[in-house]
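Coordinates in review
Spelled out from the first residue to the last, the chains are:
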Amino acid sequence: MKPAQDHFMPSAEKNSSVMAKLKTDTSLAHRQLERNICLSRLFQTDYTVGEYRYLIAKFYGFFSAIEPFIFANLEPANHALLAHRRKTDLLVKDLSLLDIDNFNPRTMTLCDQIPVLNSFARQMGALYVLEGSTLGGRIISKKLIDHFGNAIIPTLNYYQSYGDKVIDEWSAFHRFMADRFDGKEIETNEVVSAAIETFSCLDQWLQTS
Ligand code: HEM
């Protein structure tokens, strides 16, 4: 599925140059990630709860490794606007409900290949990727409910992270990024290269067993 439909986006936000560049320059990386077997399997008729559990465990291994760097040393004003966007705790909640024997987040294997996030621009490039996953999450959670039935709903905390506020949160993130980066070419390039690296690291991590 191509992340091209931004029909819901108010026009002022469509014009944000950093967000437009992110969308264009990462679309190949997004398509590549969607082809990853862990994700493409989501749409197969014989998809199993075990595979879903494995995917959430892999996401946990990635998000819990990268989020501390994304949210490190943010200016207080930025931190206040972004702190609620962390998703590691939602993944912990899903994993604890997915019947993993002796589930203990502290002993799970975490991803050790994450992009270097040594500037605010690079931190925000990585956050763009993680935030964007809430958009596809709407489609995926609907698909999972159709496939497994309502019993799966309590384990969809990550995929339904903002509930019916997904679009509002994405719009707010657009404005935040536009305010910070529009018109700043060097920083925008840093944002974009960190986003592409983040997609690629996640893709690699999902291929690692
Ligand atoms: C099978 C898995 C996935 C599907 C089907 C999917 C689907 C989509 C769709 C349909 C959109 C566009 C939403 C809209 O404009 O209404 C989107 C956007 C996006 N997705 Fe995915 N996605 C998947 C996985 C992921 C993952 C795992 C990530 C990152 C962790 C991700 C990151 C993004 C980003 C960053 C955007 C925003 C693109 C923009 O700038 O507009 N996606 N995705």
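Now for a quick tour of the structure.

Cut-offs and rules
- Residues numbered from 1 in each chain as written.
- Predicted model: local features only at pLDDT ≥ 70, side-chain atom pairs only at ≥ 80, totals over all residues.
- Axes fitted to C-alpha atoms, helices over the stretch in contact; angles between N-to-C directions.
- Helix = DSSP H or I, 4+ residues; strand = E, 2+ residues; numbered from the N terminus.
- Parallel < 35°, antiparallel > 145°, perpendicular 65-115°, else oblique.
- Left-handed = near helix turned anticlockwise from the far one by under 90°.
- Contact = placed C-beta atoms within 7 Å.
- Nonpolar A, V, L, I, M, F, W, Y, C, P; charged D, E, K, R; others polar.
- Expected span 1.5 Å × (residues − 1).
- Buried ≥ 20, exposed ≤ 12 C-beta atoms within 10 Å, placed from the backbone.
- Arc of directions from axis to C-beta.
- Core = buried A, V, L, I, M, F, W, Y, C linked by C-beta atoms within 7 Å.
- Bend = angle between axes of the 7 residues up to and from the residue.

Moving on, we get to the packing of helix H7 (residues 120–148) against helix H8 (residues 166–181). Where H7 contacts H8, the axes come no closer than 10 Å and their chain directions differ by 160 degrees. Between H7 and H8, the crossing angle belongs to the class labelled roughly antiparallel. The two elements H7 and H8 cross, and the hand of that crossing is left-handed. Mapping the contact onto sequence places Ala 121, Met 124, Glu 131, Thr 134, Leu 135 and Arg 138 in H7 and Val 166, Glu 169, Trp 170, Phe 173, Met 177 and Phe 181 in H8. Looking at the contact of H7 with H8 residue by residue, the class counts come to 8 nonpolar, 1 polar and 3 charged.

This brings us to H8. Taking 1.5 Å of rise per residue, the 16 residues of H8 would be expected to cover 22 Å, and the 22 Å separating its terminal C-alpha atoms lies within 8% of that figure. Along H8, the residues that are buried comprise Phe 173, His 174, Met 177 and Phe 181. Around the axis of H8, the buried residues are gathered within 105 degrees of arc, so they sit on the same side. In H8, the exposed positions that point more than 90 degrees away from the buried face belong to Asp 168 and Asp 179. Of the residues trailing H8, Gly 183 is marked for its positive phi of about 85 degrees.

The nonpolar side chains of a soluble globular protein tend to be buried, and buried together. Residues Ile 56, Phe 59, Ala 126, Val 191 and Ala 195 are the most contacted members of the largest nonpolar core, which totals 41 residues. Where this core is concerned, the elements lending two or more residues are helix H2 (17–34), helix H4 (49–70), helix H6 (88–97), H7, H8 and helix H9 (185–207). What Ile 56 contacts, discounting residues up to four positions off in sequence, is Leu 91, Asp 94, Leu 95, Leu 98 and Tyr 158.

Look at H7: 40 Å from first C-alpha to last across 29 residues, which is about the 42 Å you get at 1.5 Å a residue. At Gly 136, H7 shows its strongest bend, of approximately 40 degrees. Two residues or fewer past H7, Gly 149 is found with a positive phi of approximately 90 degrees.

Turning to unusual backbone geometry, a few remarks are in order. Both trends apply: most residues other than glycine have a negative phi, and most peptide bonds are in trans. One non-glycine residue with positive phi stands out, namely Asn 73, at about 55 degrees. Note on Asn 73: 9 C-beta atoms within 10 Å, which makes it exposed.

Across the interface, H2 lies against H9 with an axial gap of 9 Å and an inter-helix angle of 20 degrees. Taken together, the axis directions place H2 and H9 in an arrangement best described as roughly parallel. Relative to H9, H2 is oriented so that their crossing is right-handed. Here Ser 17, Val 18, Lys 21, Leu 22, Asp 25, Thr 26, Ala 29, His 30, Gln 32 and Leu 33 of H2 come into contact with H9, specifically with Thr 188, Val 191, Val 192, Ala 195, Ile 196, Phe 199, Ser 200, Leu 202 and Asp 203. Considering only residue class, the contact of H2 with H9 consists of 10 nonpolar, 6 polar and 3 charged.

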